[in-house]
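# Working through the structure, step by step
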Amino acid sequence: MNKLNILHIDMDAFYASVEEQDHPHLKGKPIIVGGSSNHGVVTTANYVARKYGVHSAMPGFMAKKLCPNGIYLPVRMHRYKEVSRQIFSIYYDFTDLVEPVSVDEAYLDISNLDMDPVDVAKEIKRRVFNTTGLTLSVGISYNKFLAKLASDWNKPNGMKIISYDMVPEILLPLSVKKVHGIGPKSAEKLNNIGIYTIADLLRLSEDFLVGFFGKHGNEIYSRIRGIDTRVIDTERERKSLGTETTFEDTDNKDILKSYLYEFSLEIESALDKDNFTGKTVSLKIKYEDFKVITRSKTLTYFINSANDIYDVAISLLEEVNLSKKVRLIGITVSNLSPADMEQLSFFD
Ligand code: TTP
Ligand code: MG
């Protein structure tokens, strides 16, 4: 009962952190992504810029008033998606029960892992940092609502557990705005009738909440009592299909190629089964010294045949260093889309 099996992971200042990582000389400076034209809107700001009061969705001219010396950068969506894929592929190394919520946010159900949830969280943080240089915040709890609340608790680079016995102490004093499902407008309406905190909300009947919020009223009634029965929805967006294998260290390219061909066939049949096509092929290699590299290529069109997947995988293999022996190789196809809706890509 109430096993701490749900993680909610959210990257810190995601777009701005990617920019900082790609432009190391900007580290420590206030970075604002988007909003460079006065009509534009800020997508996000790093934590240095947030000290000036700059935040997501703020019009550019306001940001510039608050932070005239900020570095204003254009949005490079394809790059954030690329980093996002690297991060998600780490999550999928731990479990298939991943629900992608956005480019930088996911729920993981780690029930099947025989590991302390804190160790899982630490290991994910470590691997994401080693691969991308980025930090994230993770919330650990026994349902999605509480895990999400926890991930927001001590951003950036945070980690917070909310266990069953902590729920009253955590929830009661919280502002109603913190309840997933209560937006700024509803929060204002609640404030107008003297309801500011979850403790205030708890005094209202379920019927009243349904009258007030409509069909979400029941959910909100449960959530403020720490109850959330939503499961991890892995099909919310099918993110990737892949396969990999470990073998005796080898530097024989023909052997590696034969694995890639085998995997391309496997992925083809998996894509076919789910009626998906994909746009990105990633090659993962672990060397004899356990160093792991991944290389990805995103096409401008969707593919689902073994031959197409293999061709891309081979072109990626040509780019990697094979002077060291390899002990694992794998392919993942991501950026998936239902075969009959090819024009819609995942994050758009
Ligand atoms: P968030 O996770 O909400 O924000 P963040 O990652 O920048 O900062 P943090 O989580 O540390 O508070 O959103 C993820 C990305 O989505 C963000 O980097 C930019 C983009 N985004 C927008 O484009 N517009 C928005 O209004 C918001 C909130 C985010
Ligand atoms: Mg984030």
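Remember, it's a predicted structure, so these values are computed and weren't measured experimentally. (Residues numbered from 1 in each chain as written. Chains lettered and ligands numbered in written order. Predicted model: local features only at pLDDT ≥ 70, side-chain atom pairs only at ≥ 80, totals over all residues. Heavy atoms only, no water.)

### Describing the domain arrangement of the protein
In terms of domain boundaries, the protein breaks down into domain 1 (1-155), domain 2 (169-223) and domain 3 (240-347). Averaged C-alpha coordinates put domain 2 and domain 3 at centres separated by 47 Å. (Domains from an automatic or database assignment.)

### Concerning the coordination of the magnesium ion (ligand 2)
Within the protein, the atoms that donate to the magnesium ion (ligand 2) are Asp10 (OD), Met11 (O) and Asp104 (OD), at distances of 1.9 to 2.2 Å. What the 6 donor atoms of the magnesium ion (ligand 2) show is an angle range of 81 to 178 degrees at the metal, which sorts the shape as octahedral. All donor residues of the magnesium ion (ligand 2) come from one chain, and their arrangement in sequence is D-M-x92-D. You can see Met11 sitting in strand 1 (residues 6-11) and its partner Asp104 sitting in the loop between strand 5 (98-102) and strand 6 (105-109), a full 93 residues away along the chain. Each member of the pair, Met11 together with Asp104, is buried. (Donors = N, O, S within 2.8 Å, 3.2 Å for Na, K, Ca; no water. Tetrahedral: all angles 85-135°; square planar, octahedral: opposite > 155°, others 65-115°. Helix = DSSP H or I, 4+ residues; strand = E, 2+ residues; numbered from the N terminus. Buried < 20%, exposed > 50% of the residue type's maximum accessible area, 1.4 Å probe, protein only.)

### Things to note about the sheet that holds strand 8 (residues 159-161)
In space, the 5 strands of this open sheet follow the order 5-6-1-7-8, with mixed pairing throughout. The two strands at the open ends of the sheet, each matched to only one other strand, are strand 5 and strand 8. Taken pair by pair, the neighbouring strands of this sheet meet at an average axis angle of 15 degrees, ignoring direction. Sheet analysis places strand 7 (residues 136-141) next to strand 8, joined by 3 bridges and oriented parallel. If you follow Ile140 over to strand 8, its bridge partner there is Ile161. Against the sheet, helix 4 (residues 77-94) makes contact with strand 1, strand 5, strand 6 and strand 7, and its axis sits at roughly 160 degrees relative to strand 5, the strand it touches most. Running over the sheet, helix 5 (residues 117-132) touches strand 1, strand 6, strand 7 and strand 8 and is turned about 165 degrees from strand 7. (Pairing = 2+ DSSP bridges. Axes fitted to C-alpha atoms, helices over the stretch in contact; angles between N-to-C directions. Contact = heavy atoms within 4.5 Å.)

### Looking at the nonpolar core
Leu7, Phe14, Tyr91, Leu108 and Ile124 are the most contacted members of the largest nonpolar core, which has 32 residues in total. Elements with a minimum of two residues in this core: strand 1, helix 1 (14-22), strand 2 (31-34), helix 4, strand 6, helix 5 and strand 7. For this core, the element with the highest residue contribution is helix 4, accounting for 7 residues. When sequence neighbours within four positions are dropped, the list of residues in contact with Leu108 reads Asn5, Ile6, Leu7, Ile9, Tyr91, Thr95, Leu97, Val98, Ile124 and Ile232. (Core = buried A, V, L, I, M, F, W, Y, C linked by side-chain atoms within 4.5 Å.)

### Focus: the site of ligand 1
Taken together, 13 residues lie around ligand 1, and Asp10, Ala13, Thr44, Tyr47 and Arg50 are the ones closest in. Within the contact set of ligand 1, an oxygen atom lies 2.9 Å away from a backbone nitrogen or oxygen of Phe14. Relative to its unbound accessible area of 550 Å², ligand 1 is 68% covered by the protein chains. Sorting the residues of the shell around ligand 1 by element identifies strand 1, helix 1, strand 3 (42-45) and helix 2 (47-50) as the ones contributing at least two each. (Near = heavy atom within 4 Å. Polar contact = N/O pair within 3.5 Å; in protein donor to acceptor, adjacent residues only side chain to side chain. Areas by Shrake-Rupley, 256 points an atom, 1.4 Å probe, with all protein chains shown as cover.)

### Points about unusual backbone geometry
Most peptide bonds take the trans form, and the phi angle of most residues other than glycine is negative. Pro156 follows Lys155 through a cis peptide bond whose omega is -10 degrees. Within the fold, Pro156 resides in the loop between helix 6 (144-151) and strand 8. Despite not being glycine, Phe290 shows a phi value in the positive range, around 70 degrees. Note on placement: Phe290 falls in the loop between strand 10 (276-287) and strand 11 (292-303). Residue classification places Phe290 among the exposed residues on the basis of a relative accessible area of 51%. Within the chain, Asn335 stands out as a residue other than glycine whose phi angle is a positive 60 degrees. Structurally, Asn335 is set in the loop between strand 12 (326-334) and strand 13 (337-338).

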